[in-house]
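Here is how the chains run, residue by residue.
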Amino acid sequence: MTEHNSKLFIETVGCQMNMLDSELVVAALRKQGYELTADVAEADTVLFNTCSVREHAEHKIYSALGRLKFSKQARPQQVIGVMGCMAQKDQELIFQRAPHVDLVVGTGQLGEIPRLIGEARTDRKRTVAVSLDRRDGTRNEVSQSFQSYDPLREPEMRPSPFQAFVRIMFGCDKFCTYCVVPMTRGPEQSRSPADILHECRVLADQGVLEVTLLGQTVNSYKYVENGRTWRLADLLAAMHDIPGLVRLKFVTNYPRDMTDELLQAVRHLPKCSRYLHVPAQSGCDDLLKKMKRGYTIGEYREMHGRIRATLPDAGVSSDFIVGFCGESDEAHNKSLDLIREFRFKNSFIFKYSPRPGTKAFDLLPDDVPEDVKRARNHEMLAVQNQISAEDNVAFIGRTVEVLVEGPSRNAEKRGETDATAGPVQLTGRTSCDRIVVFPGNPRLAGSLARIQIEDGTATTLLGSIVTREYQHGSSALLPILA
Ligand code: 5AD
Ligand code: SF4
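1. Regarding the overall build of the protein chain
Along the backbone of the protein chain there are 17 helices and 23 strands. Whereas a compact globule of 482 residues would reach a radius of gyration of roughly 23 Å, the protein chain reaches 24 Å, a difference of no more than 12%. Oriented by its inertia axes, the alpha-carbon framework of the protein chain measures out at about 85 × 55 × 55 Å. Nonlocal contacts in the protein chain, meaning residues at least 24 apart in sequence, comprise 71% of its contacts between residues at least 6 apart. Accessible area for the protein chain stands at about 21,800 Å²; split by element, carbon and sulfur atoms hold 51% of it. Charge separation in the protein chain, taken as the distance between the mean sites of 61 positive and 62 negative side-chain charges, equals 0 Å.

2. What to know about helix α11 (residues 260-268)
Of all the positions in α11, only L262, L263, A265 and V266 are classed as buried. An end-on view of α11 places all buried positions within 155° of arc, on one side of the element. Buried positions along α11 lie against α10 (232-240), β13 (247-251), β14 (275-277) and α13 (297-310).

3. Some thoughts on the site of ligand 2
In the region of ligand 2, the neighbouring residues are C172, K174, F175, C176, Y178, C179, V181, P182, T217, Y254 and R293. Per-class residue counts for the shell around ligand 2 are eight nonpolar, one polar and two charged.

4. A word on the confidence of the model for the protein chain
The predicted model of the protein chain averages 94 in pLDDT, with 96% of residues at 70 or higher. Taken as a whole, residues 473-482 scores under 50 in pLDDT and shows 15 contacts with residues more than four places along the chain or in a different chain.

5. A look at the pattern of salt bridges
The full count for this structure, using the stated rule, is 39 salt bridges. Of the charged contacts, one joins D150 and R191 as a salt bridge, the two residues approaching to 3.6 Å between their closest N and O atoms. Of this pair, D150 sits in the loop between α7 (139-145) and β7 (163-167) while R191 sits in the loop between β9 (189-190) and α9 (193-205); the two residues are 41 residues apart in sequence, bridging distant segments of the chain. The residues D150 and R191 share a single accessibility class, namely buried. Measuring nitrogen to oxygen at the nearest pair gives 3.9 Å for the salt bridge that ties R228 to D234. Here the residues in one salt-bridge network are D21, E23, D150, R153, R167, R185, R191 and E199, joined through shared partners.

6. With respect to the site of ligand 1
Close to ligand 1 lie V53, R54, Y178, Q281, D319, I321, F350, K351, Y352, S353 and R355. Between ligand 1 and Q281 there is a distance of 2.7 Å, counted from an oxygen atom to a side-chain nitrogen or oxygen. Contact distances for ligand 1 include 2.8 Å between a nitrogen atom and a backbone N or O atom of S353. Burial of ligand 1 by the protein amounts to 85% of the accessible area it has alone, namely 410 Å². Those elements giving two or more residues to the shell around ligand 1 turn out to be β15 (315-322) and β16 (347-351). Here the residues of the shell around ligand 1 sort into five nonpolar, two polar and four charged.

7. Considerations on the nonpolar core
Among the nonpolar cores identified, the biggest contains 68 residues, and I168, L213, L232, L236, L245, F250 and F324 are the most heavily contacted of them. When neighbours within four sequence positions are excluded, L232 is seen to be in contact with I168, L213, V218, N219, Y221, F250 and L262.

8. Concerning a negative patch on the surface
A cluster of like negative charges, contributed by D285, D286, E299 and E330, occupies part of the molecular surface. Relative to the assigned elements, D285 resides in helix α12 (residues 285-291).

9. Some details on the pairing of strand β3 (residues 45-50)
Of all six residues making up β3, six are buried, and the element is well covered by its neighbours. Burial along β3 is two-sided: the residues T45, L47 and N49 and V46, F48 and T50 are all buried. Alignment of strand β1 (residues 7-12) against β3, held across five bridges, turns out to be parallel. From the neighbouring strand, E11 faces β3, where its bridge partner is F48. Both β3 and strand β4 (residues 79-84) contribute to a ladder of six bridges, which runs parallel. Bridged to V46 within β4 is I80.

Cut-offs applied
- Residues numbered from 1 in each chain as written.
- Chains lettered and ligands numbered in written order.
- Predicted model: local features only at pLDDT ≥ 70, side-chain atom pairs only at ≥ 80, totals over all residues.
- Heavy atoms only, no water.
- Helix = DSSP H or I, 4+ residues; strand = E, 2+ residues; numbered from the N terminus.
- Rg over C-alpha atoms; globule rule 2.2 N^0.38 Å.
- Contact = heavy atoms within 4.5 Å.
- Areas by Shrake-Rupley, 256 points an atom, 1.4 Å probe, with all protein chains shown as cover.
- Lys, Arg positive; Asp, Glu negative; His and termini not counted.
- Charge placed at Lys NZ, Arg CZ, Asp CG, Glu CD.
- Buried < 20%, exposed > 50% of the residue type's maximum accessible area, 1.4 Å probe, protein only.
- Arc of directions from axis to C-beta.
- Near = heavy atom within 4 Å.
- Nonpolar A, V, L, I, M, F, W, Y, C, P; charged D, E, K, R; others polar.
- pLDDT = per-residue confidence, 0-100.
- Salt bridge = Lys/Arg side-chain N within 4 Å of Asp/Glu carboxyl O.
- Polar contact = N/O pair within 3.5 Å; in protein donor to acceptor, adjacent residues only side chain to side chain.
- Core = buried A, V, L, I, M, F, W, Y, C linked by side-chain atoms within 4.5 Å.
- Patch = residues over 30% accessible without salt bridge, like charges linked within 9 Å, V, L, I, M, F, W, Y side chains within 5 Å.
- Pairing = 2+ DSSP bridges.

Below, the structure is given as structure tokens:
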């Protein structure tokens, strides 16, 4: 059914996989005539793309839904939908907590959203479209019930003309005891190399320079076809030959699957970003065991040593959970020591949030008080920030290459998006994923620029575009063309 002049409001929380899902759903709806609006009050269709990784993210969505309680009185045609991880996890419970919701669509049914919205509008009945619970079928049946949604994209529907996410695998079989993702995204499934490469070629033809490959454990990618096994390293090698692409990134890595073969591929394929996100989660063996992460600190150290030996300049980042069940001060201090030892480029730090449906929720008491979690979170952030700042300051005087992304968020807030009143504050990223801010013309967006670094904070490098470079000779400064 084709809709016209229907206004769509969408709010997206959570990971990059959710951002990609929203992009694809919005594109499908715009194709049917929907128009995006930033004002929920004027929307005929309201969608929330949700995250269940921490309770806080769910609260935010339930509060936003609560605020919409009476909005249908003003717009009787309005359809309110909850999609993504919370939809898969809470299912009918969402109707109990927010009876004005019309649609609940899990991560494995996103392709059906346009049809389901149309039906909800005409039939005015509530629908739940979700995948099987992991215990409710054979592995094959459950896998099939999680259909990933990866249609080809039209260039004008993409949020950035030169950057794109491409899903290569989805779901997770690692079952870390704290994590709800194996339930909300289903069994681990890898997409076929032919589909992925075709998608990348189409994107490159449309002008995409940087592709970020996505997967919950992206380096566990495995696809067997005609007797050949494709791993992430093989995909990167094949993508490297695609004309037009200049940068290849991939997130998030699982420490145990960080093979030498993958590190060698990154080393020898110059388009690969020198950036590896490899979450450690904790610096204490007891905690890692309780988390069922599948490695010891000794094994993580060995893996990290291989990264440093193969890719000495790579930016390595991590995730940590503070206040997991039974975490003592001593265990917490081991995590701080780990950050000091490995000097991560940055770490994402989270307070443990017990999640129904996980092993930890069922079996391990959430026994670290909230104020202790908060204090540990702050302390860890301070340790990490100091290291990030020190390592960024060490860039002062160096010249880096960045892919220019466009005006910085501050410049956008100030309304500075063209250069009529002089240079605008732009932002870009280095190959090792450092954010660089510098003045320039917004038309540089989507190009590679060389930036001389003049200052650094924990989160940002600051500099200016190199117009001439000087080589220090023994007798004179020789200008060379940049
Ligand atoms: N509580 C807090 N943090 C969590 N993460 C996953 N599950 C939980 C939870 N229950 C964190 C992990 C993961 C990141 C995406 O979110 O650090 O790497
Ligand atoms: Fe969650 Fe662990 Fe899977 Fe990551 S590897 S998605 S933390 S279960």
